[in-house]
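Examination of the molecular architecture
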Amino acid sequence: VQTAAQDFEAGVDAGKVSAPQEYHDAWGFAKVVQLRAAELAASPDTELAESAKDILTRLEPVWAMFPALNAKEAGADPSILYSSAGWVEIIALKAK
């Protein structure tokens, strides 16, 4: 998610998609984390499943930043992604 935040920041300027490839990369990195967390949320390991569910919850605000894959405008505040990245890191470390 940290990489998604960095790419988003590189690809969006004041809410306008200025570098579509960077914006697409950011969307893709965030989507991979979401899909992997969704898989882990179904784990029989209850601690792992709960951690994955926590990650999914922390990713929810991220999707407001990506109105569409090929959007011309997007969220303007990359700190939402950085915040989610921090929480994902904390949750992952706690689950180890």
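Structure report, in brief. (Residues numbered from 1 in each chain as written. Predicted model: local features only at pLDDT ≥ 70, side-chain atom pairs only at ≥ 80, totals over all residues. Heavy atoms only, no water.)

1. As for the side chain of Ser51
The line we're drawing: Helix and strand assignments follow DSSP, with helices taken as H or I runs no shorter than four residues and strands as E runs no shorter than two, numbered in order from the N terminus. Throughout, a contact is declared for two residues whenever any of their heavy atoms are within 4.5 Å.
Tracing the backbone through its elements, the reader meets Ser51 in helix H3 (residues 46–59). The residues touching Ser51, leaving out its near neighbours within four places in the chain, are Ile91 and Ala95.

2. Description of the side chain of Asp7
The line we're drawing: Think of it in three bands: residues with accessible area under 20% of the maximum for their type are buried, residues over 50% are exposed, and the middle band is partly exposed, with areas taken using a 1.4 Å probe on protein chains only. Charge assignment in this entry is limited to Lys and Arg as positive and Asp and Glu as negative, and neither His nor the chain termini are counted. In what follows, salt bridge is the name for a side-chain nitrogen of Lys or Arg lying within 4 Å of a carboxyl oxygen of Asp or Glu.
Along the chain, the position of Asp7 falls in helix H1 (residues 2–11). The charged side chain of Asp7 is buried without a salt bridge, its nearest counter-charge being Lys31 at 16 Å. Not counting residues within four places of it along the chain, the set of residues in contact with Asp7 comprises Glu22, Tyr23, Asp25, Ala26 and Phe29.

3. Some thoughts on the nonpolar core
We apply this condition: The set of buried Ala, Val, Leu, Ile, Met, Phe, Trp, Tyr and Cys residues whose side-chain atoms join them within 4.5 Å is what this entry labels a nonpolar core.
Counting 21 residues, the largest nonpolar core has Phe8, Tyr23, Phe66 and Leu81 as its most contacted members. Taken together, the elements giving at least two residues each to this core come down to H1, helix H2 (20–40), H3 and helix H4 (79–95). Excluding residues that lie within four positions of it along the chain, Tyr23 makes contacts with Asp7, Phe8, Gly11, Val12, Val17, Met65, Phe66, Pro67, Ala68, Leu69, Ala71 and Ala74.

4. Brief notes about the pattern of salt bridges
Taken as a whole and assessed by the stated rule, the structure comprises 3 salt bridges. Of the charged contacts, one joins Glu39 and Arg36 as a salt bridge, the two residues approaching to 3.0 Å between their closest N and O atoms. Of this pair, Glu39 and Arg36 both sit in helix H2, 3 residues apart, which is roughly one turn of that helix. Judged by relative accessible area, which is 46%, Arg36 ranks as partly exposed. Close ionic contact of Lys53 with Glu50 constitutes a salt bridge, the shortest N to O distance being 3.6 Å. With Lys53 and Glu50 both in helix H3 and 3 residues apart, the pair spans about one turn of that helix. Using a relative accessible area of 38% as the deciding quantity, one classes Lys53 as partly exposed.

5. Thoughts on the environment of Glu9
Tracing the backbone shows Glu9 in helix H1. The class for Glu9 is partly exposed, based on a relative accessible area of 43%. Spatially, the C-alpha atom of Glu9 lies 12 Å from that of His24, the residues being 15 residues apart in sequence. Contact partners of Glu9, with chain neighbours within four places excluded, come to Pro78 and Tyr82.

6. Observations regarding the environment of Ala85
The residue Ala85 is located in helix H4 in this model. Counting along the chain gives 27 residues from Ala85 to Arg58, while the straight-line C-alpha distance between them is 8.6 Å. Once you skip the residues sitting within four places of it in the chain, Ala85 turns out to touch Val1 and Gln2.

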